[in-house]
Amino acid sequence: MDAPAPPDMIHRPHPWWHSLGRQLRHPTGLLGHLLGRLMNHLNAAPNRAAVGALAPRPGDTLLELGFGPGHGLALAVDAVGTAGMVHGVDQSAVMLRQAGRLNRQALAVGRLHLHLGRFDALPLAAASVDGILAVNVAYFWRESARVLGEARRVLRPGGRLVVYVTDATTMRRWPFALTGTHRLFTAVDLMDMLVEGGFPADGISVSPLSLGHGMTGLIAVAATGRPFPSFVMEPQR
């Protein structure tokens, strides 16, 4: 579920870059499998930062949208402890298999449930989760208001959504992100998307995350129904 980039951002590099962008949106086949293995490495810092920003408590029920190869799920399972529960929804069968292998023990004991499905039609009951993670997936939400509406539906009162994206300035260095497969975000864009999705502006905090090598990410924390202190990211070393 991707939103096309604005026309002035769409370049026409080699078609391979467009194919890579499509694979990142929906990994399939051998290339999708290889990308999944790479994602666990590249997303390690964003996953840790996102789980830290969500600040789950033991016993919480969490949901990850677009869990990819499953590293973030593993962190979430550890964070909620044996009394907690984690759900994951992804549209890629390749990612579901990889995440299942990485988290086979949590699946076996019922602490983790993986779902193949859409983000705008979540297979969960209303007010059933305490927190939601969405790391490197908002680029692909074609109808972000519908996705965020579903997120609000399944969140309990006072629950949190944490969205991580790489900042637009960094993304513009990468040809695959400029072929129309990715929506690019500044901090203002990310805030606007969450407000348009129904989260109250006074319950949203957007902070930069240094990834090193001149790369910057953005962490947004959005609460349902009540404001909270701004979350300040520590630089990643």
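These figures come from a predicted structure and were not determined experimentally.

**Digging into the environment of arginine 101**
Inference 1: Of note, arginine 101 is situated in helix α5 (residues 93-102).
Inference 2: Owing to a relative accessible area of 42%, arginine 101 belongs among the partly exposed residues under this scheme.
Inference 3: Placed 32 residues apart in sequence, arginine 101 and proline 69 show a C-alpha to C-alpha distance of 8.9 Å.

**Concerning the nonpolar core**
Inference 1: Core analysis: the largest hydrophobic core is formed by 34 residues, its most contacted members being Leu63, Leu65, Ile132, Trp141, Val163 and Leu194.
Inference 2: Where this core is concerned, the elements lending two or more residues are β1 (61-65), β4 (129-135), α7 (144-154), β5 (155-166), α8 (168-171), α9 (187-196) and β7 (215-223).
Inference 3: Among all residues touching valine 163, those that are not within four sequence positions of it are Ala134, Ala138, Leu190, Leu194, Leu218, Ile219 and Ala220.
Inference 4: Counting 23 residues, the second largest nonpolar core, distinct from the first, contains Ala50, Val135, Val162 and Leu209.

**Some details on the sheet that holds strand β3 (residues 112-116)**
Inference 1: One open sheet holds the seven strands; their spatial order is β3-β2-β1-β4-β5-β7-β6, and the pairing between them is mixed. Bordering the open sheet on either side are β3 and β6 (204-212), each of which pairs with just one other strand. Going from strand to strand, the sheet's axes swing by 15 degrees on average, the running direction of each strand aside.
Inference 2: As defined by bridge partners, β4 adjoins β5 across six bridges and the pair is classed as parallel. Among the inter-strand pairings, valine 129 is bridged to a residue of β5, identified as leucine 155.

**Re the pattern of salt bridges**
Inference 1: Under the defined criterion, the tally for this structure stands at six salt bridges.
Inference 2: We note a salt bridge from arginine 57 to aspartate 60, for which the minimum N-O separation is 3.6 Å.
Inference 3: Classification of arginine 57 as exposed rests on a relative accessible area of 54%.
Inference 4: Aspartate 60 gets classed as buried once you look at its relative accessible area, which sits at 8%.
Inference 5: A network of salt bridges, in which partner residues are shared, links Arg118, Asp120, Glu143 and Arg146.

**Thoughts on the confidence of the model for the protein**
Inference 1: The predicted model of the protein has a mean per-residue pLDDT of 83, with 76% of residues at 70 or higher.
Inference 2: Summarising per-element confidence for the protein, the mean pLDDT is lowest in helix α1 (residues 15-25) (51) and highest in β1 (98).
Inference 3: For the stretch residues 1-11, pLDDT sits under 50, and the model shows 33 contacts to residues farther than four places along the chain or on other chains.
Inference 4: Confidence over residues 226-237 falls short of pLDDT 50; this stretch has 29 contacts with residues more than four positions distant or in other chains.

Conventions adopted
- Counting starts from 1 at the beginning of each chain's written sequence and moves along it residue by residue.
- The model is predicted, so local features are restricted to residues of pLDDT at least 70 and side-chain atom pairs to those at 80 or more, both for listing and for counting; the totals for chains, interfaces and linings are taken over all residues.
- Side-chain numbers here rest on the full set of heavy atoms in the structure, without hydrogens or water.
- Secondary structure elements follow DSSP: runs of H or I no shorter than four residues count as helices, runs of E no shorter than two count as strands, and numbering proceeds from the N terminus.
- Exposure categories follow from relative accessible area, calculated using a 1.4 Å probe and restricted to protein chains: below 20% of the type maximum is buried, above 50% is exposed, and the middle band is partly exposed.
- Joining through side-chain atoms within 4.5 Å is the link that ties buried Ala, Val, Leu, Ile, Met, Phe, Trp, Tyr and Cys residues into a set, and such a set is a nonpolar core.
- Residue contacts follow a heavy-atom distance rule, with two residues in contact if any of their heavy atoms lie within 4.5 Å.
- Strand pairing is defined by DSSP finding a minimum of two bridges between the two strands.
- Here an axis means a line fitted to C-alpha atoms, over the contact stretch when the element is a helix, while the angle between two N-to-C directions is reported on a 0 to 180 degree scale.
- Just to be clear on terms, a salt bridge is a Lys or Arg side-chain nitrogen sitting within 4 Å of an Asp or Glu carboxyl oxygen.
- By definition, pLDDT measures how confident the predictor is in each residue, and it falls between 0 and 100.

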